[in-house]
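Analysis of the macromolecular model
Chain by chain, the residues:
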Amino acid sequence: MSAVAFAQEETETVPEQVTEEESRQDVVVVKGIRSSLANALQEERSASNLVEVIQAEDIGKLPDQNLAEVLENVTGVQITREAGVGTGVQIRGTNANRTEINGVSTVGSGAGRSGIDFEDVSAAIIAAVEVTKAPEAKTVEGSVGGTINLRTIRPLDLDDMLLNLRLQGEDSSLTTDGITPRVSGAFGNKWQSASGQEFGVVVSGSYSEQDVTAFRPRADRDNLIASDGGAASAQDFDFLPIQFLNQDYDNFEYETINLAGTVEWAPTNNVEIYFDAIYNDQERRQESSRVQASGVSSLADVSVPDSFETVNFGTLNGANGPQELGSIQAAQKGTIGVNLANDDDDPNLRLSSDTNSRLTESIILRLGTDWQITDRLSSQFEVSSSSSDSTTPSFNTTLNFINPNTPLDAGGGNDNSTPFVYDLSGGSLAFAVAQDAPFGPTTEQLLDPANVVLRDVNIGQDIAENREDAFRADFTYDLVDSGFLGNVFTSVQAGYRFNKTTSLRDQIRSNVGLRQMSDSPRGDLFADLLVKGPDNFGDADGRSLFVSDFLLIDPELAASNPDRVLEKLNEAIAAHGGSQPIDSPTSSQSAFFDIEEKTHAVYAQANFEYGIFRGNAGLRYVETDVSSVGNTILNGETTQVTTSGGYDFLLPRFNLVANPIEDVQVRLGWSQDIRRPNFDDLSTSRTFSTSPNPPVQLGNPGLKPEKVDSFDIAAEWYFAPSAVVSVGYFNKKRTDLIVNQQEDPFEDPNTGFRDTSAPCEEGGIFNPIADPNVFAPSGTPVGICVPVAMPVNDTGETTQEGIEFAFQYDLSDWEDEMGSFGWASGFGVLANYTHQEFSGGETVNTATSRADQVFDALGADTPVTFQQPLIDLSENAYNATLYYEKYGLSARARYTWRDAYRSTDFGSTSSFPWGFPVVQDARGQLNASINYDLTERINIGIEAVNITESEVKQYCVNEGALLCFQGLTDRRIIFGASYNF
């Protein structure tokens, strides 16, 4: 199957087979679209297993700025984005993949197994990207979809001295901070002594800043006003009222330093010694804000919408098969006013600053030697270390707006009523403060510090430390012309690998919730911390209805100087006479865990070639011991608990390539692999939130690794130089698939209230620090039953299967052969398409009690269940690239499209109002770039990302059913110049 790559020089037809060393020597000499296409195709064609390769157009210049977006060029790869930036990679529909750098396992900043975060590594230090879809016996275990290997420049492969510098700037359509800089460069050279010794050095580096903004409005409509329920707002039909409204302004500022260095020394023709060092340092600062219309559900009985829309929930496939859910009316436009007749303080206006940042330092070290012991026996010995240390500083605050036009809460609470207007028509989730409605506040009142009070302060300094130390020894014995099976088997390989992997989490937090006016200082006591919130929420889609005038604690100040903000807020609480000061964050013993794994792996592999066939067959044996340390708290006493376990697997792997006719290859692969549980899935600890919505995530030390049987078959036709058309089929049988099962607390169908005391007999888990909010009567102290989630092994077998198609061609051959295309011979095209399906499994999601009330009114059999799909899998996806390269001009445009998929990312939370993962709607994105060689050494260029500013839409229950969340992302322009010395 063909991958996308980009280069400039023309090349001759590549041979059918080259060695691994020869295939990688061209990585550092490519320049431009066509040369990198030829070199990448050469690697793929000569491989004995199914791999896809992308090579840099020039030194430090992969086809995209972001590594996740680079990988999106590969057939069968889709990506997920956060605030428009590529962060997650799905290979053949799954996130269960591995990431390596120069063949060394990487570790991430979180608890996952997929390795280093792609946003942490600049594409500028990577020379090539390799995706292995069909593993060999020597391939390290742990991947379901594929293994991604990021390759840096090898100095002994250089033909000339390398010295390159690139300067760029990036501008975002939604940011208010202007242009951010990017600087990258590389130096490399090799020297040879008179005696034949070779010594080479390559150093590359990148410094970049990036400002990314996204607007994320959300609207929940998961309640019921029945036509016969007796509510004042009742209509002749059942309808869904407004339950919650949220206006999220996400801003992330990145500062990233990436350094890569390699030293290679060949003292003799038989020995090469190498040392690699990769250093990544990223500061990902969040300076976001949220505006919430909270408690609007309390007015559902009296607030009559101005207009309605019809929502068709479609069909859900549940435990008892498919079930048609039916249609219902939902509130679309209206005003939620103030009801003084009801002694309630709803709806109210809440204003939050979010600074959930991440500061990560990653180091990858590799020391090894390639030793040709005899003419036939060669070896490789290597030790490596990969580490990632992260802190996640946060200083999140929430203010309540005290509307001076309505009375204070009679019970002394620190919120009161503010009217809202909403308009959810035209696919836009829009709302604002209803300033023209009765009791509506003026702009001056909204911006008066005396009219806001402090409600919540959540401070964090969480620590995550991940590390893997490994040793490996690999041996290859050449059998060609050996007289012993040498006419079939070309070589045999065997090896041993040991690794120790550790993962530690320490949650360091302080949470203070102020609910009474007697404890909540007004904003005029800390006015120097307040700023006007962003007023450009309409810039993304031109909306006019949004909250534009409000105050919040300056998120930039909270992120950069949290000590000053904490001191000032405590001074304000003291001056006010409050009884709850804000403590500095301390370690949360219930959330601590420290997990260690030790793995021994051995493999044996035979490589063969006979007639039109070549390939390999082998076995990999893996044995792992796990030790998990966590804390259990009972009756206020903390006890450290150690859980131990282990497992072993024998993994056969087979790959076959046939050349039935010239320029046609047929590939066949069959393999077994395992996927270990994420580290937090194994933890015995738990984490509580101050919100009543997110589930408490429990670990499960009894989880088993899932096992996957993979089958691949593909046909490739290399019908012209640097051209291919290919089609392939893959099938993956997965057993013990790790899925998340959520249990929701019972909510009274009349009041919407939950149980406020342990042990939550009717579902969920008691959260001692959660704010009851609308799930309990006004004035209820903190502590309430909340959802609980736990990873489990699905007892059924699941299947992923799909078809991949790829095409790659350029018109340069026509100029060479016919001389008739002229300037048009510079065009070329690349395209791929993937269709994939998921079936099987026995794990189901269950609707919330509030959702079941709606479904029951529609005549559905309750409780409604949903057979859990594979998260982030799109059934259909494609991308198409048109490029032009001639006369020093290099231009390309790529359009990427993926079908709708189920997602657990709902409005920055992991909770679902209806009890099911949301559906992220189909989305396409257009990127383009133009580069021009001013001279042989100077190149200038401009790149545009998300040209059409494609938005994200998420639907609750089913695709196209109930629009509940939007993500309005920016357009980014990157421009600059490079100089090759």
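Please read these numbers as outputs of a predicted model, since none were measured by experiment.

Below, the discussion takes up a nonpolar patch on the surface. On the surface, a cluster of nonpolar side chains totalling about 930 Å² of accessible area is made up of Met161, Phe187, Trp191, Phe199, Val263, Trp265, Phe275, Leu365, Leu367, Val383 and Phe471. At the level of elements, strand E9 (180–192), strand E12 (244–268) and strand E20 (358–372) are the ones that each hand at least two residues to the nonpolar patch. Inspection of the secondary structure puts tryptophan 191 in strand E9.

Once that is clear, we can look at the sheet that holds strand E37 (residues 738–743). In spatial order, the strands read E34-E40-E37; together these three strands make up an open sheet with mixed pairing. In this open sheet, the two strands that pair with only one neighbour each are strand E34 (696–697) and E37.

Before going further, it helps to examine unusual backbone geometry. Here the amide bond leading from alanine 758 into proline 759 is cis, since omega sits at 10 degrees, within 30 degrees of zero. Residue placement: proline 759 occurs in the loop between E37 and strand E38 (765–767). In this model, threonine 862 is joined to proline 863 through a cis peptide bond whose omega is 0 degrees. The topology assignment puts proline 863 in the loop between helix H9 (849–857) and strand E44 (865–867). If you check the backbone angles, phenylalanine 439 has positive phi at about 70 degrees while not being a glycine. In this fold, phenylalanine 439 is placed in the loop between strand E23 (430–433) and helix H4 (443–446). Owing to a relative accessible area of 33%, phenylalanine 439 belongs among the partly exposed residues under this scheme. Even without being glycine, tyrosine 887 reaches a positive phi, approximately 55 degrees.

In this section: the state of the cysteines. Under the defined criterion, the tally for this structure stands at two disulfides. In this model cysteine 760 forms its disulfide with cysteine 785; the gap between the sulfur atoms is 2.0 Å. On the sign convention where negative is left-handed, the bridge of cysteine 760 and cysteine 785, at about -95 degrees about the S-S bond, is left-handed. Residue cysteine 760 is found in the loop between E37 and E38, and its partner cysteine 785 is found in strand E39 (residues 784–786); the two are separated by 25 residues along the sequence. Judged on exposure class, the residue cysteine 760 and its partner cysteine 785 are both buried. Note that cysteine 956 is cross-linked by a disulfide to cysteine 964, the S-S spacing being 2.4 Å. Judged by the sign of its S-S torsion, about 105 degrees, the bond between cysteine 956 and cysteine 964 is right-handed. Grouping residues by exposure puts cysteine 956 and cysteine 964 together as buried. Each bonded cysteine of the protein is numbered by sequence order, and under that numbering the disulfide pairs are 1-2, 3-4.

Next up on the list: the pairing of E20. Sheet faces and side chains relate simply in a regular strand, where the side chains alternate between the two faces. Examined bridge by bridge, strand E13 (residues 271–286) and E20 share 14 bridges and lie antiparallel to one another. Looking at the pairing, phenylalanine 275 lines up with leucine 367 of E20.

On to the pairing of strand E2 (residues 77–82). As paired strands, E2 and strand E3 (residues 85–91) are joined by six bridges and run antiparallel to one another. Residue arginine 81 lies in a different strand from E3, and its bridge partner there is glycine 86. Hairpin connection between E2 and E3: a loop of two residues separates the two successive antiparallel strands, and alanine 83 in this loop has a positive phi of roughly 55 degrees.

This part covers the confidence of the model for the protein. Taken over all residues, the pLDDT of the protein has a mean of 90, while the share at 70 or more is 94%. No element of the protein has a lower mean pLDDT than helix H1 (residues 20–25), which averages 40, and none a higher one than H4, which averages 98. Here residues 1–30 scores under 50 on pLDDT; set against residues more than four positions off or in separate chains, the count is 117 contacts.

Spatially, the five strands line up as an open sheet ordered E1-E6-E7-E4-E5, and their pairing is mixed. With one partner strand each, in any of the chains shown, strand E1 (51–55) and strand E5 (104–105) form the two edges of the open sheet. Summarising the sheet, E1 and strand E6 (residues 128–132) pair through five bridges and their orientation is antiparallel. Across the sheet, isoleucine 54 pairs through a bridge with valine 129, a residue of E6.

Counted by the stated rule, this structure contains 59 salt bridges. For arginine 455, the salt bridge is made with aspartate 456, and the minimal N-O distance between the two is 2.5 Å. Take aspartate 456: its relative accessible area is 8%, and that puts it in the buried class. Here the salt bridges share partners, and the residues they tie into one network are Asp64, Glu69, Glu72, Arg81, Glu170, Arg182, Arg892, Arg894, Asp970 and Arg972.

Another aspect to go through is the packing of aromatic side chains. Within this structure, the stated rule accounts for 22 aromatic pairs. Here phenylalanine 608 and phenylalanine 654 contribute two aromatic rings whose centre-to-centre distance is 6.4 Å and whose plane-to-plane angle is 20 degrees, an arrangement assigned as stacked. Of the two residues, phenylalanine 608 is situated in strand E30 (residues 593–610) and phenylalanine 654 in strand E32 (residues 637–658); the sequence distance between them amounts to 46 residues. On the basis of relative accessibility, which here comes to 29%, the residue phenylalanine 654 falls in the partly exposed class. Between phenylalanine 855 and tryptophan 914 the ring centres are 5.6 Å apart and the planes differ by 40 degrees, which places this aromatic pair in the tilted class. Of this pair, phenylalanine 855 sits in helix H9 while tryptophan 914 is found in the loop between strand E47 (901–903) and strand E48 (918–920), placing the two residues 59 residues apart along the sequence.

By the burial criterion, the buried members of H9 are Arg850, Ala851, Asp852, Val854 and Phe855. Its buried side turned inward, H9 meets strand E11 (239–240) and strand E18 (327–336). Phi for glycine 859, located one or two positions after H9, is positive at around 90 degrees.

The next point concerns the environment of proline 695. Inspection of the secondary structure puts proline 695 in the loop between helix H7 (679–682) and E34. With a relative accessible area of 13%, proline 695 lands in the buried category. Taking the C-alpha atoms as reference, proline 695 lies 23 Å from alanine 83; in sequence the two are 612 residues apart.

Once that is clear, we can look at helix H6 (residues 562–576). Think of an α-helix as turning once every 3.6 residues; residues three or four places apart then point the same way. Relative to the 21 Å expected for 15 residues at 1.5 Å per residue, H6 spans 21 Å between its end C-alpha atoms, a close match to the ideal helical length. Residues of H6 that are buried include every one of Val565, Leu566, Leu569, Ala572 and Ile573, and no others. Angularly, the buried residues of H6 cover 125 degrees about the axis, an arc narrow enough to put them on a single face. Away from its buried face, by an angle of more than 90 degrees, H6 presents the exposed residues Asp563, Ala574 and Ala575. Where H6 is buried, its residues contact strand E21 (377–401), strand E24 (452–478), strand E28 (551–553) and helix H5 (555–560). Two residues or fewer past H6, glycine 577 is found with a positive phi of approximately 90 degrees.

The rules we used
- Residues numbered from 1 in each chain as written.
- Predicted model: local features only at pLDDT ≥ 70, side-chain atom pairs only at ≥ 80, totals over all residues.
- Heavy atoms only, no water.
- Patch = residues over 30% accessible without salt bridge, like charges linked within 9 Å, V, L, I, M, F, W, Y side chains within 5 Å.
- Areas by Shrake-Rupley, 256 points an atom, 1.4 Å probe, with all protein chains shown as cover.
- Salt bridge = Lys/Arg side-chain N within 4 Å of Asp/Glu carboxyl O.
- Helix = DSSP H or I, 4+ residues; strand = E, 2+ residues; numbered from the N terminus.
- Pairing = 2+ DSSP bridges.
- Buried < 20%, exposed > 50% of the residue type's maximum accessible area, 1.4 Å probe, protein only.
- Disulfide = S-S within 2.5 Å.
- pLDDT = per-residue confidence, 0-100.
- Contact = heavy atoms within 4.5 Å.
- Phe/Tyr/Trp six-rings, centres within 6.5 Å; stacked < 30°, edge-to-face > 60°.
- Expected span 1.5 Å × (residues − 1).
- Arc of directions from axis to C-beta.

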